[in-house]
Amino acid sequence: MRWMLDALTRLPLPALYAIGRGVGFVAFHVVRWRRAVAFANIRAAFPDATPREQRAMLRASYDNVSDVLAETVWAYGASADALAARVSIAGGEHITESIAQGRSPLLLTAHFCNWEWLLLSAGAQLKVPIDAVYKPPRQRVFDDFLRDGRSRFGGNPVAYKGFVMEMVRRRAEARCYAMVADQTPIAQDDKHWTRFMGRDTAFYVGADTIARTIKAPVLFVGMQRRSRGHYHVTVTPIASPPYPRSPDHQIVEAYARLLEAEIRISPADW
């Protein structure tokens, strides 16, 4: 299996796009993977859109996910220069200046646009160490493939169960900590409720906890698709220490508002 995954990374991007769209066609038309859920989310988030516009958003979202799948595989074999040519970054100085000052920033992003390229492009262009929390897949071969791909330009994927220990182990070093913070918390976890995209939505409060624990400046990393295979990243400050003693979840709330604004610009990338 691993040899096949590695072979795919050597294919040109147009060929991978064709494979991705084939997978997307099966997911959308044959298996109808999560179509009902996705369409319900679109109708709740964009009630003023016409049914035709809502259906167009749904179809475009599956096309975009197919392209992201292809682009992810391509990036695991691409050079730093090739990737940098496809991803521009504005506000990267907020990250590099924090590192230069000996502070470890907390970067918050989401499953939006091509989130897989964020870690790779930041490492390739900003040249800073980034520990990125992730949930390992059950199959070891896929986990090894993801870890090897994501760490190509200095990134350090860290399983979520060991993330706190990794921060403690590296507490004397100035480095970035990155979280894809739009995961749905499980029932027993602490959570922050807010109105998000037309629905009451729960968010993890881990970002608040981590920022206070390591006294980290918090940055939102947004991403917009400029054209097929080309993206623009914007780094926006959310909060910086000192923080109040009692958690008020303002960091999570600010993150939710910034993410919602990003989604409304390009619904099909959500």
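For the structure itself, look to the data block above.
What comes next concerns the included structure. Since the structure is predicted, the reported quantities are computational estimates derived from the model, not experimental observations.

A short note on the pairing of strand E7 (residues 199-204)
Where a strand is regular, its side chains alternate between the two sheet faces.
At step 1: Across 6 bridges, the pairing between strand E6 (residues 191-196) and E7 is antiparallel. Among the inter-strand pairings, Thr194 is bridged to a residue of E7, identified as Thr201.
At step 2: Counting the residues that bridge the hairpin from E6 to E7 gives 2 residues, and of these Met197 lies at a positive phi of roughly 50°.

What to know about the nonpolar core
At step 1: Core analysis: the biggest nonpolar cluster contains 75 residues, and Leu106, Leu108 and Tyr255 have the highest contact counts within it.
At step 2: Ranked by the residues each element gives to this core, the list is headed by helix H4 (residues 51-75), at 8 residues.
At step 3: Leave out the neighbours within four places in its chain, and Leu106 touches Tyr177, Met179, Ala207, Ile210, Ala211, Ala216, Pro217, Val218 and Leu219.

Observations concerning the packing of H4 against helix H7 (residues 115-126)
At step 1: The N-to-C vectors of H4 and H7 enclose an angle of 25°; their axes lie 9 Å apart at closest approach. Regarding the angle of H4 to H7, the classification is roughly parallel. Here the hand of the crossing between H4 and H7 comes out left-handed. Here Glu71, Thr72, Trp74 and Ala75 of H4 lie close against H7, whose contacting residues are Glu116, Trp117 and Leu120.
At step 2: When the residues that make up the contact of H4 with H7 are grouped by side-chain class, the tally is 4 nonpolar, 1 polar and 2 charged.

Some remarks on the side chain of Thr9
At step 1: Among the structural elements, Thr9 can be located in the loop between helix H1 (2-8) and helix H2 (13-30).
At step 2: Among the polar contacts made by the side chain of Thr9, one reaches the main-chain carbonyl oxygen of Asp6 at a distance of 2.5 Å.

Description of the packing of aromatic side chains
At step 1: Counted according to the given criterion, the structure contains 9 aromatic pairs.
At step 2: Ring geometry for Trp74 versus Trp117: centroids 5.7 Å apart, planes at 45°, classification tilted. On the criterion of sequence distance, the pair formed by Trp74 in helix H4 and Trp117 in helix H7 is long-range, its members being 43 residues apart.
At step 3: Since its relative accessible area comes to 0%, Trp117 is described here as buried.
At step 4: For the pair Trp117 and Tyr231, a centre-to-centre distance of 5.5 Å together with 80° between the ring planes defines the contact as edge-to-face. Here Trp117, found in helix H7, pairs with Tyr231, found in strand E9 (residues 230-239); they are 114 residues apart in sequence, far enough to count as distant. For the pair shown, Trp117 and Tyr231 are each scored as buried.
At step 5: Grouped by ring-pair contacts, the aromatic residues Phe196, Phe203, Phe220, Tyr255 and Trp270 constitute a single cluster.

Calculation notes
Residues numbered from 1 in each chain as written. Predicted model: local features only at pLDDT ≥ 70, side-chain atom pairs only at ≥ 80, totals over all residues. Heavy atoms only, no water. Pairing = 2+ DSSP bridges. Helix = DSSP H or I, 4+ residues; strand = E, 2+ residues; numbered from the N terminus. Core = buried A, V, L, I, M, F, W, Y, C linked by side-chain atoms within 4.5 Å. Buried < 20%, exposed > 50% of the residue type's maximum accessible area, 1.4 Å probe, protein only. Contact = heavy atoms within 4.5 Å. Axes fitted to C-alpha atoms, helices over the stretch in contact; angles between N-to-C directions. Parallel < 35°, antiparallel > 145°, perpendicular 65-115°, else oblique. Left-handed = near helix turned anticlockwise from the far one by under 90°. Nonpolar A, V, L, I, M, F, W, Y, C, P; charged D, E, K, R; others polar. Polar contact = N/O pair within 3.5 Å; in protein donor to acceptor, adjacent residues only side chain to side chain. Phe/Tyr/Trp six-rings, centres within 6.5 Å; stacked < 30°, edge-to-face > 60°.

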